Amino acid sequence: MQKKITVLFSLTLLFALTLGYSEGVTLGKAGTLSGRAGIYYSNSFATDSENATLTHSYQYLNFESIELAGLKLGVGFFTIQELMESDDNVYSNADNEDFGNRDGLTQLYLNYSLSKTSLTMGRFEGGMEYNGDYYDGIQIISEEIDGLKLSAIWYNRAFEAGDPTDIIQNRPEEIADGDDTYGEYGFEAEYTGIEDLTLIGMYYTAELFDCYGCRATYEFEAGIPLTIMGESYRSNEEGDNGNLYHVCLSASPIDSLTLSTGYFELGEKAGYANIVDDPWDVLESDAQEEPGAKTCYISAEYAIHENLTLIVLYGEVNYDSTDANQNASNAKEFVCGCEYCILEGLSLSVNYVAVDGDSTAITDYNEITANLCYEF
């Protein structure tokens, strides 16, 4: 199966590159092919182990039919091949011996659209703010009211196949079979009817937890363009309530430079863990995900050329006491990287991460990653 998908994708990719496609390949009256392929490399230098290297290639291929009487059919596949992996690898998973080579069905859905409302059934990629991965379920999104977007989802299986750098490192065991749930529901509302202001509210519920919250983002001019964002969430997991607060201020003193600083805080109990996705998570390590964590960060993004962007981030995580987190007292993280657009659709990103963890839970390490990706 994996070899067939790889061959099919390679032929499609060669065709797309030859004709210069970067926004999908139109197949006449049948529909559109889209996808991405790349090579991901990581080298981690942990203080208590040898260097760990990991190199994979990945391919995603998606097809969506043309719309007929409001109906569209979609299907998608992915495959990952291990190119190189060191023996002492921090990414290894004892429960998944075939860690380096995986393939699977990412999408198989039927979509029905009427006016500004769409209904999707089957296996699909979530299009909601807090649902960005792949799900088996039903989703409805409506924008019938100007300035208001309403979304609802029910699913009983979740897949993390959206980001190859995540599925290679973090949750390979969930790709093949999916993560079964007891049935989870989610609702989101996004309001943009007031100029420069965006409001988002969300509510998710499952057998073991409930989670709700909101986010407000306001853009304004104060001599220079400024954006202020605040969000707050509360969750309940088996009777334990947890909270998350996050504020962020961004400024662009010149067109090519964006400076940001922010602070977020987790409660000492359930915290953020129940929320399906985490758009506020700016650090590479897991230090800010520990209960009781208080994180301050500052970042800069500078486009020195229209095809080259540099990124620098520094974050520091502190905890009230070891009672709130028995394994950690504080941690620091430094990230620098760049993204270069080689040609339309083809990009290279390189990042360096240094984590200084004063704990047994957050291990000191340095990591270099590179991702060469072509999307069409």
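Residues numbered from 1 in each chain as written. Predicted model: local features only at pLDDT ≥ 70, side-chain atom pairs only at ≥ 80, totals over all residues. Heavy atoms only, no water.

1. Regarding the overall build of the chain
So, point 1. Scanning the chain for helices and strands turns up 2 helices and 19 strands.
So, point 2. The buried share among the 376 residues of the chain stands at 42%.
So, point 3. The long-range fraction of contacts in the chain, counting pairs at least 24 apart against all pairs at least 6 apart in sequence, stands at 52%.
So, point 4. Carbon and sulfur atoms make up 54% of the accessible area of the chain, which totals about 19200 Å². (Helix = DSSP H or I, 4+ residues; strand = E, 2+ residues; numbered from the N terminus. Buried < 20%, exposed > 50% of the residue type's maximum accessible area, 1.4 Å probe, protein only. Contact = heavy atoms within 4.5 Å. Areas by Shrake-Rupley, 256 points an atom, 1.4 Å probe, with all protein chains shown as cover.)

2. Quick look at a nonpolar patch on the surface
So, point 1. Residues Leu71, Leu73, Leu105, Leu108, Leu110, Tyr112, Leu114, Met121 and Ile138 make up a contiguous nonpolar surface patch of about 740 Å² in total accessible area.
So, point 2. When contributions to the nonpolar patch are tallied by element, the ones reaching two or more residues are β4 (71–85) and β5 (102–114).
So, point 3. Counting residues per element, the nonpolar patch draws most heavily on β5, which supplies 5 residues.
So, point 4. Among the secondary structure elements, isoleucine 138 is positioned in strand β7 (residues 134–142). (Patch = residues over 30% accessible without salt bridge, like charges linked within 9 Å, V, L, I, M, F, W, Y side chains within 5 Å. Salt bridge = Lys/Arg side-chain N within 4 Å of Asp/Glu carboxyl O.)

3. Structural notes on the nonpolar core
So, point 1. Formed by 14 residues in total, the largest nonpolar core has its most connected members in Ile153, Met202 and Tyr204.
So, point 2. For this core, the elements supplying multiple residues, two or more each, are β8 (148–159), β10 (197–205) and β11 (209–221).
So, point 3. Of all hydrophobic cores here, the second largest spans 11 residues; its members include Leu313, Val317, Ala331 and Val355. (Core = buried A, V, L, I, M, F, W, Y, C linked by side-chain atoms within 4.5 Å.)

4. A few points about the environment of serine 44
So, point 1. With respect to the secondary-structure elements, serine 44 resides in strand β2 (residues 31–46).
So, point 2. For serine 44, a relative accessible area of 5% corresponds to the buried category.
So, point 3. Distance from serine 44 to glutamate 367, taken between C-alpha atoms, is 4.2 Å for residues 323 residues apart in sequence.

5. Re the pattern of salt bridges
So, point 1. Summed over the entire model, instances satisfying the criterion amount to 4 salt bridges.
So, point 2. The residue arginine 215 makes a salt bridge to glutamate 231 at a minimum N-O spacing of 3.1 Å. With arginine 215 in strand β11 and glutamate 231 in strand β12 (residues 225–237), this pair connects stretches of sequence that are 16 residues apart. With respect to class, arginine 215 is no different from glutamate 231; both count as buried.

6. Regarding a negative patch on the surface
So, point 1. Taken together, the side chains of Glu195, Asp196, Glu219 and Glu221 make up a negatively charged region of the molecular surface.
So, point 2. Of the residues examined, glutamate 195 reaches a relative accessible area of 66% and is grouped as exposed. (Lys, Arg positive; Asp, Glu negative; His and termini not counted. Charge placed at Lys NZ, Arg CZ, Asp CG, Glu CD.)

7. Side note on the packing of aromatic side chains
So, point 1. Inspection of the entire model under this criterion finds 6 aromatic pairs.
So, point 2. Taking the centre distance of 5.9 Å and the plane angle of 25° together, the rings of tyrosine 60 and phenylalanine 78 count as stacked. Placement of the pair is tyrosine 60 in strand β3 (residues 52–65) and phenylalanine 78 in strand β4, with a sequence separation of 18 residues. An identical accessibility class is assigned to tyrosine 60 and phenylalanine 78; each is buried.
So, point 3. A ring pair is formed by tyrosine 135 and tyrosine 155, whose centres lie 4.4 Å apart and whose planes are at 55°; its orientation type is tilted. (Phe/Tyr/Trp six-rings, centres within 6.5 Å; stacked < 30°, edge-to-face > 60°.)

8. A look at the environment of lysine 116
So, point 1. Structurally, lysine 116 is set in the loop between β5 and β6 (117–125).
So, point 2. Overall, lysine 116 belongs to the partly exposed group, its relative accessible area being 46%.
So, point 3. Sequence-wise, lysine 116 and lysine 149 are 33 residues apart; in three dimensions their C-alpha atoms are separated by 9.7 Å.
So, point 4. Lysine 116 has contacts with Ile141, Ser142, Glu143, Glu144 and Asp146, leaving out every residue within four places of it along the chain.

9. Focus on the confidence of the model for the chain
So, point 1. Mean pLDDT for the chain: 78, with 72% of residues reaching 70 or above.
So, point 2. Mean pLDDT across the secondary structure elements of the chain bottoms out at helix α1 (residues 2–19), with 52, and peaks at strand β15 (residues 293–305), with 93.
So, point 3. Long-range and interchain partners of residues 168–178, a stretch whose pLDDT sits below 50, account for 32 contacts in this model, where long-range means more than four residues apart.
So, point 4. In this model, residues 322–326 is a region of pLDDT below 50 whose contacts with residues beyond four sequence positions or in other chains number 6 contacts. (pLDDT = per-residue confidence, 0-100.)

10. Concerning the side chain of asparagine 43
So, point 1. Here asparagine 43 shows up in strand β2.
So, point 2. A polar atom in the side chain of asparagine 43 sits 3.2 Å from the side chain of tyrosine 41.
So, point 3. Setting aside anything within four residues of it in sequence, one finds asparagine 43 in contact with Asn51, Ala52, Thr53, Asn366, Glu367 and Ile368. (Polar contact = N/O pair within 3.5 Å; in protein donor to acceptor, adjacent residues only side chain to side chain.)

11. Quick look at unusual backbone geometry
So, point 1. Of note in this structure, alanine 69 is not a glycine but carries a positive phi near 55°.
So, point 2. We classify alanine 69 as exposed; its relative accessible area is 70%.
So, point 3. Of note in this structure, aspartate 196 is not a glycine but carries a positive phi near 70°.
So, point 4. Position of aspartate 196 among the secondary structure elements: in the loop between β9 (179–191) and β10.

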